[in-house]
Amino acid sequence: MAASKRRNVSSKNSKEGGLKATEVDIDSKVELIIQSRKHANDVFDVLEYLQSEKQKSVVGAINGCCKLFCTLLERKALYVGQLGKEEMLLVGDHSADEKYSMFMRHRYNSCVELLLELFSHESYQIKESALCALMKFASMEGKFPLQDLDCIKLYSFPRELIQAVVGKLLSPEEDMAPLISRYQEYLDMEDVRYYTMTFITGNVASVMEKAKGALRPIFQNNAFTLLSNINMPKCQTDLTKYLVKQEADLEDWKAAKLKEHQRVFERSWLGFLKYKLPGSMYKKVLVILHDSILPHISTPTLMMDFLTAAYDVGGAISLLALNGLFVLIHQHNLDYPDFYKKLYNLLEPSVFHVKYRARFFHLANLFLSSTHLPVYLVAAFVKRLSRLALTAPPASLLLVLPFICNLIRRHPSCCVLIHRPSALDQACADPYLMDEQDPAQCKAIESSLWELQTLQKHYHPDVAKAAMEINKALSPQEDDISDRLEISTYEMIDRDLKKNQFRAVPLEFDPATQLLQGSGGIRVLGLHFSLQ
Amino acid sequence: MMGKPSKKKNISDKVRKAKTCTEIKNNPFEVKINRTKFEILGRKTKNDVGLPGVSRSKAINKRKETLLKEYKTKDKANKFIDKRFGEYDTTMDPEEKILQRFSLERLRTQDKKDMYNLNEEEELTHYGQSLAEIEKLNDVVDSDDETDEKGLLSAELTASHFGGGGLLKRKTPGEKDDGGNQRAKSRQELIEELIIKSKQEKRERQSLKEESQVLTEKLDQDWKSIHGLLAHKNTPKADQEEDRPKLDEYDMMVRELGFDMKAVPSEKLKTPEEIAREEKERLQQLEADRLRRMLGDVGEDCNKAQTHVSADDINDGFILDKEERKTLSYHNAKWNINEEGAKIDGEETGDDGESEDEEESNEEGEDEGEGSEAEEDSHSDLESEEESEEENEDEKEDEKDEEPAAKPPLSDAENVLAEAAKVELPYTFKIPETYSDFKGLLQGHPADHQCIILARTRACNHPSLGILNKVKLQKLFGFLLEYVGELATRSPPELSTIDKLIPQLYDLCQLFPDAASMVLQTILRDKANSMEQVLEEKGRATFPQLDMLIYLKITALLFPTSDFRHPVTTPALLYISQVLTKCPVTSLEDVTSGLVLCCLAIEYVSFSKRFCPELVNFLLGLLHLAVPDKTSTDYSVVPPFRQSGKSSGLLVLSSLESSQTWSKKTLPLSATQKLKLTSDLEADHYRLSAVATCLELLKCCSSLYSELPSCSQIFQPITSLLSKHLPITTYPAALQEVHGEILAAISMCQTSHPPLVFEKKKPIPLKLFTPKIVQVLDYGKKRGCSKAEREEERLKHKYKKELKGALREVRKDTRFLAREKLNEVMGRDLERKRKVKQLYGSLATQEGEWRALKRRKNSRH
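In this text, all values refer to a predicted model and were calculated from it rather than measured experimentally.

How each quantity is defined
Sequence order as written defines the numbering, with residues in each chain counted from 1. As they are written, the chains are lettered A onward and the ligands numbered 1 onward, keeping that order. The model is predicted, so local features are restricted to residues of pLDDT at least 70 and side-chain atom pairs to those at 80 or more, both for listing and for counting; the totals for chains, interfaces and linings are taken over all residues. To get the side-chain values, all heavy atoms of the structure are used, and hydrogens and water are removed first. In this text, helices come from DSSP runs of H or I with a minimum length of four residues, and strands from runs of E with a minimum of two, each type numbered from the N-terminal end. Accessibility here uses a 1.4 Å probe with only protein chains present; expressed as a share of the type maximum, an area under 20% marks a residue as buried, one over 50% as exposed, and anything in between as partly exposed. In what follows, residue pairs with any heavy atoms lying within 4.5 Å of each other are defined as contacts. The method behind every accessible area is Shrake-Rupley, applied with a 1.4 Å probe, and residues are considered shielded solely by the protein chains displayed. For our purposes a nonpolar core is just a set of buried Ala, Val, Leu, Ile, Met, Phe, Trp, Tyr and Cys residues, chained together by side-chain atoms within 4.5 Å. Like-charged residues are merged into a patch within 9 Å and nonpolar side chains (Val, Leu, Ile, Met, Phe, Trp, Tyr) within 5 Å, provided each residue has over 30% relative accessible area and no salt bridge. By convention in these notes, a salt bridge is any Lys or Arg side-chain nitrogen within 4 Å of a carboxyl oxygen on Asp or Glu. Counting rule applied: Lys, Arg positive; Asp, Glu negative; His and chain ends not counted. The location of each charge is read from NZ of Lys, CZ of Arg, CG of Asp or CD of Glu. UniProt positions are given in the numbering used here, feature names are shortened, and annotations may be inferred rather than shown by experiment. Working definition: rings of Phe, Tyr and Trp (its six-membered ring) pair if their centres are within 6.5 Å, and the pair is stacked with planes under 30 degrees apart, edge-to-face with planes over 60 apart, and tilted otherwise. Disulfides are defined as pairs of cysteine sulfur atoms found within 2.5 Å of each other. Polar contacts, as counted here, are pairs of nitrogen or oxygen atoms within 3.5 Å of one another; within protein the pair requires one atom able to donate a hydrogen and one able to accept it, and residues that are adjacent in sequence qualify only if both atoms are side-chain atoms. Under the scheme applied, nonpolar residues are Ala, Val, Leu, Ile, Met, Phe, Trp, Tyr, Cys and Pro; charged residues are Asp, Glu, Lys and Arg; polar residues are all the others, including Gly. What pLDDT reports is the predictor's confidence in each residue, on a scale of 0 through 100. Throughout, an axis means a line fitted to C-alpha atoms (over the contacting stretch in the case of helices), and angles, computed between N-to-C directions, take values from 0 to 180 degrees. What sets the label is the angle itself: under 35 degrees gives roughly parallel, over 145 gives roughly antiparallel, 65 to 115 gives roughly perpendicular, and the rest give oblique. If you view the pair so one helix is near and one far, a crossing is left-handed when the near helix is turned anticlockwise from the far one by less than a right angle, and right-handed when it is turned clockwise.

1. A few points about the overall build of chain B
Argument step 1. Scanning chain B from terminus to terminus reveals 31 helices and eight strands.
Argument step 2. By residue count, 33% of the 861 residues in chain B fall in the buried class.
Argument step 3. A sequence separation of at least 24 residues applies to 71% of the contacts in chain B between residues at least 6 apart.
Argument step 4. Summed over all atoms, the accessible surface of chain B reaches about 58,000 Å², with 55% contributed by carbon and sulfur.

2. Here we look at the nonpolar core
Argument step 1. Ranked by size, the top nonpolar core spans 296 residues in total, and within it Tyr183(A) and Tyr705(B) carry the most contacts.
Argument step 2. At twelve residues, the largest contribution of residues to this core is made by helix α25 (residues 588-606) of chain B.

3. Remarks on the environment of Ala601(B)
Residue and element names in this part refer to chain B.
Argument step 1. Looking at where Ala-601 falls in the secondary structure, it is placed in helix α25.
Argument step 2. A sequence separation of 25 residues divides Ala-601 from Ile-576, and the C-alpha atoms of the two residues are 7.0 Å apart.
Argument step 3. Not counting the four nearest positions on each side in its chain, Ala-601 is found in contact with Leu-573, Ile-576 and Leu-615.

4. Here's the deal with a positive patch on the surface
Residue and element names in this part refer to chain B.
Argument step 1. On the surface, Arg-56, Lys-64, Lys-800, Lys-804, Arg-808, Arg-811, Lys-812, Arg-815 and Arg-819 cluster together into a patch of positive charge.
Argument step 2. When residues of the positive patch are traced back to their parent elements, those giving at least two are α2 (52-72) and α31 (787-860).
Argument step 3. If you trace the backbone, Arg-56 turns up in helix α2.
Argument step 4. Residue Arg-56 is classed as exposed on the basis of its relative accessible area of 55%.

5. Structural notes on the UniProt feature "transmembrane region" (unreviewed entry) in chain A
Argument step 1. Following the UniProt record, the feature "transmembrane region" (unreviewed entry) maps to residues 360-382 of chain A here.
Argument step 2. When the span residues 360-382 of chain A is considered, its composition is 70% helix and 0% strand, and the gap between its end C-alpha atoms is 15 Å.

6. Points about the packing of aromatic side chains
Argument step 1. Considering all chains together, one arrives at 17 aromatic pairs over all chains under this definition.
Argument step 2. Taking 6.4 Å as the distance between ring centres and 80 degrees as the angle between the ring planes, the aromatic pair formed by Phe265(A) and Trp269(A) counts as edge-to-face. Pair noted here: Phe265(A) and Trp269(A) are both in helix α12 (residues 258-273), with a separation of four residues, about one helical turn.
Argument step 3. Residue classification places Phe265(A) among the buried positions, given a relative accessible area of 1%.
Argument step 4. Their ring planes at 80 degrees and their centres at 5.8 Å tell us that Phe438(B) and Tyr483(B) sit as a pair that is edge-to-face. Within this pair, whereas Phe438(B) is found in helix α18 (residues 435-442), its partner Tyr483(B) is found in helix α20 (residues 467-489), the two being separated by 45 residues in sequence.
Argument step 5. Judged by relative accessible area, Phe438(B) falls into the buried class, the value being 0%.
Argument step 6. Judged by its relative accessible area of 2%, Tyr483(B) falls in the buried class.
Argument step 7. Here a set of aromatic residues connected by ring pairs shows up, and it is made of Tyr311(A), Phe326(A), Phe339(A), Tyr340(A) and Phe367(A).

7. Considering the state of the cysteines
Residues and elements named next belong to chain B.
Argument step 1. Tallied over the entire structure, the rule returns one disulfide over all chains.
Argument step 2. Disulfide partner of Cys-711: Cys-749, at an S-S distance of 2.3 Å. Taken together, the residues Cys-711 in helix α28 (residues 711-714) and Cys-749 in the loop between α30 (733-747) and β8 (752-753) connect sequence positions 38 residues apart.
Argument step 3. Residue Cys-711 is classed as buried on the basis of its relative accessible area, which comes to 0%.

8. Thoughts on the interface of chain A and chain B
Argument step 1. Opposite the 82 residues of chain A that make contact, chain B presents 94 residues.
Argument step 2. The tally of links from chain A across to chain B stands at three salt bridges.
Argument step 3. Summed over the shared surface of chain A and chain B, the number is 28 residue pairs in polar contact (both at pLDDT 80 or more).
Argument step 4. Elements that contribute at least two residues to the side of chain A that touches chain B include exactly β1 (428-429), α20 (450-455), α21 (461-468), α22 (489-498), α23 (525-528) and β2 (529-530) of chain A.
Argument step 5. Ranked by the residues each element gives to the side of chain A that touches chain B, the list is headed by α22(A), at eight residues.
Argument step 6. Considering only residue class, the side of chain A that touches chain B consists of 42 nonpolar, 24 polar and 16 charged.

9. Let's talk about the confidence of the model for chain B
All names here are of chain B.
Argument step 1. On average, residues of chain B carry a pLDDT of 74, and 70% of them reach 70 or more.
Argument step 2. Across chain B, α31 holds the top mean pLDDT of 93, while helix α14 (residues 339-342) sits lowest at 40.
Argument step 3. Long-range and interchain partners of residues 140-150, a stretch whose pLDDT sits below 50, account for three contacts in this model, where long-range means more than four residues apart.
Argument step 4. The complex model carries a pTM of 0.60, and its ipTM stands at 0.72.

10. Examining the packing of α25(B) against helix α27 (residues 680-704) of chain B
Residue and element names in this part refer to chain B.
Argument step 1. Between α25 and α27, the least distance of the axes is 11 Å, while the angle of their chain directions is 20 degrees. Judged by the inter-axis angle, α25 sits roughly parallel to α27. Crossing hand, α25 versus α27: left-handed. Here Leu-588, Val-591, Thr-592, Leu-595, Cys-598, Cys-599, Ile-602, Val-605 and Ser-606 of α25 come into contact with α27, specifically with Tyr-686, Arg-687, Ala-690, Thr-693, Cys-694, Leu-697, Cys-700, Cys-701 and Leu-704.
Argument step 2. Across the contact of α25 with α27, the residue classes tally to 14 nonpolar, three polar and one charged.

See the structure below:
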């Protein structure tokens, strides 16, 4: 064909000419194609540029294509309806106009394919402009549908195009997070969001079925990123922004109803969470679960299975699941048997070391805020926390010591833990059973908080002072622990460094003569290490 | 003149006032009583009774004297200056005043007589000394006969020495009498007589002087002839006197006494027991301080005086001494005399140079004697051979005397080295201003030399020698620390050099505690900050480099670790704890770093026996690394360790045989950075050493924390690990022994305690009727709490009061002036009316007369 010849020539040209030349070339060609049908074959050259090596020419080509096909769509110069095979084009009996529109429709389809392929290009700029171009097509297609409206019940939406885009975004090979965050802009539009969620559900289901229970970390990560980027509207009146303006009445359109949105949202999340998740994904989901997922789900209790499963995993994941469970218990009447027992068993030495310490103690504070809890339970919590405090870093101690004091204040009958004058003269071993799983059986109420007495000798002055609280009757006012939840050791160091700046610094009076000389009484470093 | 009548009025006024005052006070219509609302016991009020009439009249009088006068003289350029003697002096008696005025008048008229008084001509003076006398004295060498004249007070002498007494003389009573007696003579005669008299006197005086001069010259010559016989003994002195005739012996003595050192009353000689006792007391005092701070008694006044004596004063003392004035004092039962001070000023410069030479040659001599490989001394050309052996020894003794008692005795070899180093190095150094300067100063010298350079730099730039030195020396500490850090980061780390630099750091820190603490705080903040950033990014951090470990150790050396709260050591310990909880152990280097930090943590808390949970956790974690089977553990390790996983078998021995060949060795500090283990056997040995250290540290911990109430709970996981999981049977015997000891120590812990109770409340004291004492302020209520605030309040109040008073006064002034103006206008009007009336009157009479005349004319006609 003549077209192939031309292609060769033009590719030669593009090699010879500079980048500027190619841009001018593309622009002029696009102009020519738009101007008259004679130059229709130039579209091949433009598409050729899409596969170019050079980034600039690819971007130029994307822009050119965008302009070209948008104009064509506007002119309704593309074939509408079911498209036959390209080979059939010559064979079939069509008028010249039809032939041209079919030809162009084919070129349009191949252009969309090429653009989708560009999603896996290494340059973000190209990915981004490809995505933008596709979304532009989508909006134009919405306006000037390529299908007969009768078949799709009056509501035109470029479903296939969006489905293809979503499919590409949920790539199982590549982390698409940057592109997804770009796509978030389009997710603000109600119809795009609705259809995206629908397609995600289908996509996840098909991919994960294929995986047969195995993990697909990258795919799941992409799916999670896309899902978590969805901002659900709060009420029906918020649904105002659409990619495609519908001429028909909106009432029957699913994408215009909040209920439908919530349903689809719920289905997509449940579909996503149905499959086995990697550990880090669990944490990520649980972190956002309570405030960006649960409120938008029509029947949140459906999340119960997932949450209870997560709660049973143990460790940090259990801690995070607490938050979601709390929402369910608190707002949706979930009855969770042995909740406190499980919470009690969550208290492990690692509680003080994990990242989610602040969140956990915030929730624990909420759970234990009820004054109707039995004394044995509160005593068990208090005793266990104080036992664990023996291994805690100072920042956590600054949090947990007031926490313990607050618990005792809230439940005055727990006061025997720090004040038992009746048995003053009978020294006894600690009756508390650390290994007992059931808080009712652990005999915490018979014990005393010797741990806090130990911590009065803690090396950090603030901790020691906090532990000294129990020496006197506690003041009725509770300590506010909210500002201590986030405190870190670095902050403590910084605070200590800033203190006492104006007072003279006490000095060591034992003159130092050697590096390994003992300080503060005994020589330890010098005994075990040598200057080598 | 205005003065007299007004004065009279004043006197009478006074009299009247004095009389009326009592009358007024008794007059109930004059007195206004300010009623008080409340009676306050013991308060004296100034203003309870007022005399408004009196005070008003007073104010009006005052205005009349001041304001009115000003008003009257307004717009008038000329003014009278009353120069009458004592006119406005109210303290003077009027009679006295008149007398004085009279005498002044008399003096003025008498002064005119001088014009003709030839005998008593004015003497010209210069600085109160008669010029004539000065001229005369220049001729005669008066220093010679001063001794003869001592004690005589002639008129001439006093006149010459104490300034012209011309006036005095004139007023001697004899003269006056003369004037009085001979007043009868005629003026002409009197003048002639005076002329003759004066001329005669002059002539006599001149002849007398000539005579005496001749005599003295003769005496001089005589003296010279005898002088030759006497002169043998003190020729040089005479020469000297001839050279510098101005220098009087007496003057010199005075000056010497003035500038010379004085024997300061020194403390009495102490017996060794006394000295020991004092030292003990000092240490006890310091220890008590430390305990107080450890218990966290806030409100501490920790500005204890720095009584520290440098640990290596030997190096710097001799430089300092030249600058400082020495005092005569006893020290260590020996006279400590500055020899130069006793010598005469003139010789001082030369002496100085000599003494320097002496020292240098002294050291040089010793140096050669020891045969060390010292480089050629640049100063050796100054060396003089005549120095006696004795002097050398004296000097040595002096140096030793200056050594403080606290100084640890240097070994002989070190001494030699130090001496050798001293010879090579210059004696003064400029303080480096930047770190690169500082490095340049120290680079290329061995460790001992670096110490000496630092000591000398410090001595030359002692803060007492210049204001700027302090700031510069403060910087030096920072440079030194940075240098230490750099030494520690080199590979291999130059730890022995750092070791040598420690005393310098300590001394600098003692000099500038604030600067030193600032530097260490900055380092801590930076390191903690960088670790925090890594933690935020990755969630875990790596163990700090060796330089940070060294810094932490230095912190412990320079500052007390036992304080309840210390601005440097508390954050440092927090940093250690942060590292021990956040840095996962992934290699044997990490194990070593962790062990170093554990050692440091133990040292930090050892004195105060404070509880450090991270320490126990970390040791447990390290031992967990040595447990081969990690599946069935009944203890749980705390982050950064994991129950199982990568590098959790780091300390498990690869072969059991290696424990037989193992022997206990100390671990090298450099192993925290890079560990070179060539074979499995070596690695196993290293593992065993680490485990051994770990066990030793645990032993330390168990003894430290045996007192704590929950000791057994703290060590419960460790007990279970040690007794059930650690493959102790495969370890060498030494380790098994330590293992047994730890278990025994832990089992010794008391497990039963009495239950907790609150502290007993102090009884609330009964209310007592002691008066509440409140500070009396000159403004109403007590406002503000700080002293500055109260002072400000007081000033504000005072200002307000003054402003009000001033406004009132101004108002009164204007009212007064207005009244005066009105009076003036009225007066003028009256005058005019009077004049008009007069005119009318005169016109009327004129008219009357004219009419009468007319009538008369008419009647004539």
